[in-house]
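# Geometric and topological summary
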Amino acid sequence: MKNHLENILVFATNIKTESDKQKIRSVLDEHSEIHQWNIDQEDIDCVLRIVSETLSERQIIQLIGNQNFKCTALE
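## Topic: the side chain of Thr 13
In this structure, Thr 13 sits in strand S1 (residues 8-13). Accessibility expressed as a relative area gives 8% for Thr 13, which makes it buried. A polar contact of 3.2 Å, which involves the side chain of Thr 13, links it to the backbone nitrogen of Ile 15. Leave out the neighbours within four places in its chain, and Thr 13 touches Asp 45, Cys 46, Leu 48, Lys 70 and Cys 71.

Now the structure itself:
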């Protein structure tokens, strides 16, 4: 079994409110390649963390962008 820690992608977003979070919840929950995700809405960057062994940063940015949110990869 692979270590999931290597597969955490981190992004700055503008997903600030609980209703924003609900809008993307279904998209992220239903995506078969996303094992886990969370958003730190207390953080100024509203940091989104995604655990996926297969998705790229670009794919996540596109997925979030399709929901009309900003999403930028963080180092």
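## Notes on unusual backbone geometry
Of note in this structure, Cys 46 is not a glycine but carries a positive phi near 45 degrees. Along the chain, Cys 46 falls in the loop between strand S2 (36-40) and strand S3 (47-51). Even without a glycine there, the phi angle at Asn 68 is positive, about 65 degrees. Classification of Asn 68 by relative accessible area gives exposed; the value is 70%.

## Quick word on the environment of Asp 45
In this fold, Asp 45 is placed in the loop between S2 and S3. Along the primary structure Asp 45 and Leu 74 are separated by 29 residues, whereas in three dimensions their C-alpha atoms are 9.7 Å apart. If we ignore the near neighbours within four places in the chain, the residues touching Asp 45 are Ala 12 and Thr 13.

## Concerning the pairing of S1
The pairing of S1 with S3 spans 4 bridges and is classified as antiparallel. Bridged to Phe 11 within S3 is Leu 48. Relative to strand S4 (residues 71-73), S1 is paired through 3 bridges, and the arrangement is antiparallel. By the bridge assignment for S4, Ala 12 is matched with Thr 72.

## Quick word on helix H2 (residues 57-65)
Each full turn of the α-helix corresponds to 3.6 residues, which orients residues three or four apart in the same direction. When H2 is considered as a whole, its buried residues turn out to be Ile 60, Leu 63 and Ile 64. Across the axial projection of H2, the buried residues extend over an arc of 95 degrees, all falling on one side. The elements touched by buried residues of H2 are S1, helix H1 (18-30), S3 and S4.

## Examining the sheet that holds S1
Across the sheet, 4 strands lie side by side as S2-S3-S1-S4; this open sheet has antiparallel pairing. The sheet is open, and its two edges are formed by S2 and S4, each paired on a single side. Sheet twist, expressed as the average angle between the axes of neighbouring strands with direction ignored, equals 25 degrees. Lying over the sheet, H1 contacts S2 and S3, oriented at roughly 165 degrees with respect to S2. Docked against the sheet, H2 engages S1, S3 and S4, running at close to 40 degrees with respect to S1.

Basis of the calculations
Residues numbered from 1 in each chain as written. Predicted model: local features only at pLDDT ≥ 70, side-chain atom pairs only at ≥ 80, totals over all residues. Heavy atoms only, no water. Helix = DSSP H or I, 4+ residues; strand = E, 2+ residues; numbered from the N terminus. Buried < 20%, exposed > 50% of the residue type's maximum accessible area, 1.4 Å probe, protein only. Polar contact = N/O pair within 3.5 Å; in protein donor to acceptor, adjacent residues only side chain to side chain. Contact = heavy atoms within 4.5 Å. Pairing = 2+ DSSP bridges. Arc of directions from axis to C-beta. Axes fitted to C-alpha atoms, helices over the stretch in contact; angles between N-to-C directions.

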